[in-house]
Amino acid sequence: MTGKTILVTGGAGFVGSHLCERLVSEGNFVICLDNMFTGVKSNVQHLFDKPNFKLIEQDVEIPYEPPEGEHIDQIYNLACPAAPGHYQYDPIKTMKTAVLGTMNMLELARQFNARMLQASTSEVYGDPIVHPQVESYRGNVNPIGPRACYDEGKRAGETLMFDFHRIYGVDIRVIRIFNTYGPRMHPYDGRVVSNFIRQALLNEDITIFGDGTQTRSFQYVDDLVEGMIRMMNNEVGFIGPVNLGNPGEFTMNHLADLVIAFTASSSKTVHKEAPEDDPQKRQPDNTLAASEAALGADRSTARGLEEDHQLLQVDRL
């Protein structure tokens, strides 16, 4: 085995499983660490017979102690529930995962002189008053609202990353992930794409929270994984933070129309009250990603949606 030894926390989750799959295929030895709160074994089951893959069921709040002789070269820290219904289920646990988990991984990176990539989020921008969102924007976050456990937890994670870099010289990379979709999304995870597709395939009313004019930008999971790997492996000293997302912007009304068209559904749209602190705008400014390391997504949302609804229909419903 000539590849690196790479630890992926949250590796059995939606994004993590695709990342593990890619890293294994490239000949790396991949350690997938997941407590299975939102991750599921079936996401990585096809990797179980690979000699360069290992699954460990463990919470990131507990420091990971590699067996004797095992060296860690890189750490991708993805562990944290990302869908509102999941991270709001136990907000204190979410905050502990975001802060203690990140600190434990940073200590591990420091111990092994490993490079660490932190999967932060566009939610650090909160409900933005700067649009599209550029990395220098410091955000508009409610620190005491129902989304704060995730938003502020991820902001604290970025703080820890840069403090460990400044004080201990830990080699870091920080990305801010915008809305992502693709195979292995759970149809009941509460994310807008999976919600809309599931409801459309069942010919149920498609639920839009608010008036539907709020916007999101969607990237396909393969594009995100490509950007993550490029960011981790860039050798030009670019540590971020950097946005990873597709700049195509959609209103929720338009997205619902797209999903209905792709699925040939008889669904109608219904509107319900918007959740507290729900962002009204979300769109990455990809200037920095394009100028530093060509990290931007390139798949159109429409093309990806067409593929994704077929996969959901076959694999989930």
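Everything discussed here concerns the structure shown above.
Each chain carries its own residue numbering, running from 1 in the written order of its sequence. It should be noted that, the model being predicted, local features are given only for residues of pLDDT at least 70 and side-chain atom pairs only at 80 or more, the latter also being counted only at that level, while totals for whole chains, interfaces and linings use all residues. Computation of side-chain values covers all heavy atoms of the structure but excludes hydrogens and water.

(A) Quick look at the side chain of Ser 17. Numbering of helices and strands runs from the N terminus; a helix is a DSSP stretch of H or I covering at least four residues, while a strand is a stretch of E covering at least two. Note on placement: Ser 17 falls in helix 1 (residues 14-25). Only 3.1 Å separates the side chain of Ser 17 from the backbone oxygen of Phe 14, close enough to count as a polar contact. Two N or O atoms form a polar contact when they lie within 3.5 Å of each other; inside protein one atom must be a possible hydrogen donor and the other a possible acceptor, and for residues adjacent in sequence the pair counts only when both atoms belong to side chains. Of note is the side chain of Ser 17, whose polar atom sits 3.2 Å from the side chain of Arg 184. Residues within four places of Ser 17 in sequence aside, it is in contact with Gly 11, Ala 12, Asn 43, Val 44 and Arg 184. Residue contacts are counted whenever heavy atoms from the two residues lie within 4.5 Å of one another.

(B) Quick look at helix 3 (residues 91-112). One fewer than the residue count of a helix, multiplied by 1.5 Å, yields its expected span. With 22 residues, helix 3 should cover 32 Å at 1.5 Å per step; its first-to-last C-alpha distance of 31 Å lies within 8% of that length. At Thr 97, helix 3 shows its maximal kink, close to 25°. For the exposure calls, accessible area comes from a 1.4 Å probe over protein chains only, and a residue counts as buried if that area is under 20% of its type's maximum, exposed if over 50%, partly exposed in between. Along helix 3, the residues classified as buried are Thr 94, Thr 97, Ala 98, Gly 101, Thr 102, Asn 104, Met 105, Leu 106, Leu 108, Ala 109 and Phe 112. Just downstream of helix 3, Asn 113 is the residue with a positive phi angle, here 55°. A residue's bend is simply the angle between two axes: one fitted to the seven residues ending at it, one to the seven starting at it.

(C) Broad picture of the packing of helix 5 (residues 192-201) against helix 7 (residues 252-263). Helix axes are fitted to C-alpha atoms over the stretch in contact, other axes to C-alpha atoms as well, and angles between N-to-C directions run from 0 to 180 degrees. Running from amino to carboxyl end, helix 5 crosses helix 7 at an angle of 40°, the nearest separation of the two axes being 9 Å. Overall, the two elements helix 5 and helix 7 adopt an arrangement that is oblique. In this structure, the crossing between helix 5 and helix 7 has a hand that is right-handed. Counted together, Val 192, Val 193, Phe 196, Ile 197, Ala 200 and Leu 201 of helix 5 and Met 252, Leu 255, Ala 256, Val 259 and Thr 263 of helix 7 form the full contact between these two elements. When residues are sorted by character, Ala, Val, Leu, Ile, Met, Phe, Trp, Tyr, Cys and Pro go into the nonpolar class, Asp, Glu, Lys and Arg into the charged class, and all the rest, Gly among them, into the polar class. Counted by class, the contact of helix 5 with helix 7 contains 10 nonpolar, one polar and no charged residues. Each angle receives one of four descriptions, namely roughly parallel if under 35 degrees, roughly antiparallel if over 145, roughly perpendicular if within 65 to 115, and oblique otherwise. The sense of a crossing depends on the near helix, which, turned anticlockwise from the far helix by less than a right angle, makes the crossing left-handed and, turned clockwise, makes it right-handed.

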